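Structure assessment
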Amino acid sequence: MKMIEANKLFKKFADLQVLRDVTFAVEQGEVISVIGPSGSGKSTLLRCLIGLEKINDGKIIIEGLDAVKTGKKAYRKMGMVFQGFNLFPHKTVLENLMVAPMLVNKNNKNELRKKSEKLLSKVGLIDKKDVYPSKLSGGQKQRVAIARALAMEPDIMLFDEPTSSLDPELVGEVLAVIKKLAEEKITMMVVTHEMGFAREVSDRVFFMDEGKILTDSTPDEIFLNPEEERIKLFLNKIL
Amino acid sequence: MDYILNVTGYILEGSLITFKLYLATAVFAVLLGIFGALGKISNIKFINKVLEIYTWVFRGTPLLLQLFFAYYGLPIIGITLQPFTAATLTFIVNYGAYFTEIFRAGIESIDKGQYEAAQVLGMNYRQTMVRIILPQTIKRVLPPTSNEAINLVKDSALVAAIGLGDLLRAAKVVVTRDFTITPFIIAAIMYLLISSVIVTVFRQLEKKYSVYE
């Protein structure tokens, strides 16, 4: 089943054309890495998929639902993790996980607590459940953010440069969690600059440049013998 | 000593008006400020404009002028208010304008990422404001709100100008009658006491809200 279908997406900020004619589809359980130089539209693409930005033209179908027309019901099938974590600072770690399911899904509080604690165990932070986010390291914050997104039980996870604002020694713990999710066959799109991770975890890699998906290929194809000159240049710079 | 107790008792009676005015203003001006701030950050152009004019006028003219306008001015166009009503309404609207600006700035200081996180988690606008944005705003607006709370104690003395027997006016009555300076000193001490209580309350609040720092 197709989880995401993007058809001829166009997005413009003022005079800047950020997405031009982006078309792709993601199957159930697929892990997609989106790489490319900064300003190529990677983040904007994710933000458009989940409705944080309005597309100017095109169609986004999430599990068969036209996202723009359906709105919330379609967007709620996705969870998102941000580069800057965006945890709620006035809520404890556990409350961060519980607040949305409680308000939005009206879950039973006790069951929800158990489920949230389970998620925190999964990301290795159950011992931090009662502390405030300010007491956590960047890597821990991002793991909480991942658990918080999972608490809404999304079918699809979108990661927008989840490790870009982390100190190098903290990147690994976050990638490990994402890898674990990949093994569980959660459909994911990950915008990343971690080429090792992209190569190891993804089923397909999108290389974006100037608002277009330049290539849509397997990790081996793109990392071992990239065809496009543009990609070779990029990979040389980054590796 | 008896004299001082007597005078203090008399001034305390006057302070009743001050307290009533203070409470009414604090409660309703804060409410007005919250809704004013939400209106100011809303996308409804008409409401933005109306609130813009509101804060411009009420922050840009003297409180005493507004007080005179309500009590001496409005009767000319047929609206006669009791002194206490006129004073309370004026104070609420005046302080509401300040709170509108303080809360607006507070809300706008919250990172955009907080709205986005709430949105992708499926929260609607009301849930986002009530559960995520406003609680964080409270912490940020406590210091300026504390300033206003202290200003309000002192501004309340202005109501003497439209003949209300508040704390200051009671003191002045005794000074004129007995030709002694003591009542003013007693009044000053009372104002200081009230201000100190307010400062303490806000310090406690700030402490309470600093747990998540």
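A brief structural summary. The residue numbers shown here count from 1 along each chain, following its written sequence. Chain letters start at A and ligand numbers start at 1, both assigned in the order the entries are written. The predicted nature of this model means local features are confined to residues of pLDDT at least 70 and side-chain atom pairs, given and counted, to a pLDDT of 80 or more, with totals for whole chains, interfaces and linings taken over all residues. Processing note: side-chain calculations cover all non-hydrogen atoms of the structure and skip hydrogens and water entirely.

What to know about the packing of aromatic side chains
In this scheme Phe, Tyr and Trp rings, the latter by its six-membered ring, pair at centre separations within 6.5 Å, and the angle between planes marks the pair as stacked below 30 degrees, edge-to-face above 60, and tilted otherwise. A complete count under the given rule lists ten aromatic pairs over all chains for this structure. Measuring from ring centre to ring centre gives 5.1 Å for Phe 24 of chain A and Phe 206 of chain A, while their planes differ by 65 degrees; the resulting arrangement is edge-to-face. One end of the pair, Phe 24 of chain A, is in strand E2 (residues 16–27); the other, Phe 206 of chain A, is in strand E9 (residues 204–209), with 182 residues separating them in the sequence. Relative accessibility under 20% of the residue-type maximum defines a buried residue, over 50% an exposed one, and the middle range a partly exposed one, all with a 1.4 Å probe and only protein chains included. What makes Phe 206 of chain A buried here is its relative accessible area of 0%. When the ring of Tyr 132 of chain A is compared with that of Tyr 212 of chain B, the centres are 6.2 Å apart and the planes differ by 40 degrees; the resulting orientation is tilted. Residue Tyr 132 of chain A is found in the loop between helix H5 (109–122) and helix H6 (138–150), and its partner Tyr 212 of chain B is found in the segment after helix H8 (182–209); the two belong to separate chains. Using a relative accessible area of 21% as the deciding quantity, one classes Tyr 132 of chain A as partly exposed. According to the relative accessible area criterion, Tyr 212 of chain B is buried, its value standing at 9%. Pairwise contacts between aromatic rings join Phe 91, Tyr 95, Tyr 98, Phe 99 and Phe 103 of chain B into one cluster. Charge-over-ring contacts are defined here by two conditions on Lys NZ or Arg CZ: a distance within 6 Å of the ring centre and an angle within 35 degrees of the ring normal. When the ring centre of Phe 88 of chain A is taken as reference, the NZ or CZ atom of Arg 148 of chain A above it lies at 4.5 Å. Residue placement shows Lys 139 of chain B over the ring face of Tyr 212 of chain B; its charged tip is 4.8 Å from the ring centre. Only DSSP runs of H or I covering at least 4 residues are called helices, and only runs of E covering at least 2 are called strands; the numbering of each starts at the N terminus.

A word on the environment of Ile 50 of chain A
The topology assignment puts Ile 50 of chain A in the loop between helix H1 (42–49) and strand E4 (57–62). Measuring from C-alpha to C-alpha, the distance between Ile 50 of chain A and Tyr 75 of chain A comes to 5.4 Å, with 25 residues separating the pair along the chain. The residues touching Ile 50 of chain A, leaving out its near neighbours within four places in the chain, are Tyr 75, Met 78, Gly 79, Met 80 and Leu 158 of chain A together with Val 120 of chain B. Contact criterion: two residues are considered in contact whenever any of their non-hydrogen atoms come within 4.5 Å of each other.

Thoughts on the interface of chain A and chain B
Facing 26 residues of chain A, the contacting portion of chain B comprises 21 residues. Buried area is understood as the total, over both parts, of accessible area removed when two parts are fitted together, assessed with a 1.4 Å probe. Roughly 2,000 Å² is buried in total at the junction of chain A and chain B, and carbon and sulfur atoms are behind 63% of that figure. On the chain A side of the interface with chain B, the three residues burying the most area are Phe 88, His 90 and Leu 103 of chain A, jointly 29% of the side's total. Every case where a carboxyl oxygen of Asp or Glu lies within 4 Å of a side-chain nitrogen of Lys or Arg is listed as a salt bridge. One can count one salt bridge joining chain A with chain B. Residues Glu 116 of chain B and Arg 47 of chain A are paired through a salt bridge, measuring 2.6 Å at the closest nitrogen-oxygen approach.

Details of the pairing of strand E10 (residues 212–217) of chain A
Within a regular strand, side chains alternate between the sheet's two faces. All names here are of chain A. Of the strand pairs in this sheet, E9 and E10 are connected by five bridges, and their pairing is antiparallel. Bridging across to E10, Phe 206 finds its partner in Asp 216. Think of it this way: DSSP has to see at least two bridges between two strands before they count as a pair. In textbook terms, the turn of a hairpin is the stretch between consecutive antiparallel strands, and for E9 and E10 this stretch comprises two residues, one of which, Glu 210, has a positive phi near 50 degrees.

A short note on the packing of helix H4 (residues 93–105) of chain A against H6 of chain A
How two helices pack is summed up by the angle between their axes together with the distance between the axes. All names here are of chain A. Axis definition: a line fit to C-alpha positions, over the contact stretch in the case of helices; interaxial angles, taken between N-to-C directions, run 0 to 180 degrees. Where H4 contacts H6, the two axes come as close as 8 Å, and the packing angle between them is 25 degrees. By the angle class used here, H4 and H6 are roughly parallel. The handedness of the crossing between H4 and H6 is right-handed. Here Val 93, Asn 96 and Leu 97 of H4 come into contact with H6, specifically with Val 144, Ala 147 and Arg 148. Think of it as three bins: nonpolar holds Ala, Val, Leu, Ile, Met, Phe, Trp, Tyr, Cys and Pro, charged holds Asp, Glu, Lys and Arg, and polar takes everything else, Gly as well. The class makeup of the residues in the contact of H4 with H6 is four nonpolar, one polar and one charged. For classification purposes, an angle smaller than 35 degrees is called roughly parallel, one larger than 145 roughly antiparallel, one from 65 to 115 roughly perpendicular, and anything else oblique. Here is the rule for handedness: rotate from the far helix to the near one, and if that takes an anticlockwise turn smaller than a right angle the crossing is left-handed, while a clockwise turn gives right-handed.

Quick look at the nonpolar core
If you look at the biggest cluster of nonpolar residues, it comprises 82 residues, and the most contacted ones within it are Ile 4, Phe 24, Leu 49, Leu 158 and Met 189 of chain A together with Met 123 of chain B. Of all the elements, helix H6 (residues 125–155) of chain B adds the most residues to this core, at nine residues. When neighbours within four sequence positions are excluded, Met 189 of chain A is seen to be in contact with Ile 4, Phe 24, Val 26, Ile 32, Val 34, Leu 45, Leu 46, Leu 49, Met 157, Leu 158, Phe 159 and Phe 206 of chain A. Buried Ala, Val, Leu, Ile, Met, Phe, Trp, Tyr and Cys residues that are joined via side-chain atoms within 4.5 Å together make up what is termed a nonpolar core. Counting 37 residues, the second largest nonpolar core, distinct from the first, contains Val 123, Val 144, Ile 186 and Val 190 of chain A.

Some thoughts on the sheet that holds E2 of chain A
Residue and element names in this part refer to chain A. The strand order across the open sheet formed by four strands is E2-E1-E4-E5, and the pairing between neighbours is antiparallel. Single-partner strands in this sheet number two, and they are E2 and strand E5 (65–66). As paired strands, strand E1 (residues 2–13) and E4 are joined by five bridges and run antiparallel to one another. The residue bridging Glu 5 from the neighbouring strand is Ile 61, located in E4. Contacting E1, E2 and E4, H1 crosses the sheet at an angle of about 65 degrees to E2.

Observations regarding the pattern of salt bridges
Tallied over the full model, the rule gives 20 salt bridges over all chains. Linking Glu 200 of chain A and Lys 179 of chain A is a salt bridge whose minimum nitrogen-to-oxygen distance equals 3.2 Å. Residue Glu 200 of chain A is found in helix H8 (residues 195–201), and its partner Lys 179 of chain A is found in helix H7 (residues 168–183); the two are separated by 21 residues along the sequence. In this structure, Arg 177 of chain B and Asp 178 of chain B form a salt bridge, with 2.8 Å as the shortest nitrogen-oxygen distance. Using a relative accessible area of 56% as the deciding quantity, one classes Arg 177 of chain B as exposed. Members of the salt-bridge network, linked through shared partners, are Lys 40, Glu 52, Glu 101, Arg 104 and Glu 108 of chain B.

Remarks on the layout of surface pockets
Cavity and pocket criteria rest on a 1 Å grid covering protein atoms alone: a 1.4 Å probe that fits but cannot get out defines a cavity, protein on both sides within 12 Å along at least 5 of 7 lines defines an open pocket, and an atom within 4 Å of a point defines a lining residue. Grid points are joined across faces, edges and corners, and a volume is the space filled by probe spheres set on the points. Size it by volume and the largest pocket reaches roughly 460 Å³. Taken together, 22 residues make up the lining of the largest pocket; nearest its centre are Val 30, Phe 103, Val 141, Leu 142 and Thr 145 of chain B. If you list the elements that add at least two residues to the lining of the largest pocket, you get helix H1 (2–41), helix H4 (83–108), H6 and H8 of chain B. With nine residues, H6 of chain B is the single largest residue contributor to the lining of the largest pocket. The residue inventory of the lining of the largest pocket, partitioned by class, reads 19 nonpolar, two polar and one charged. Roughly 280 Å³ of volume is contained in the second largest pocket. Forming the walls of the second largest pocket are 14 residues, and the residues nearest its centre are Tyr 115, Gln 119, Val 120, Met 123 and Asn 124 of chain B. Listing elements by their share of the lining of the second largest pocket, those giving two or more residues are helix H3 (72–75) of chain A together with helix H5 (112–120) and H6 of chain B.

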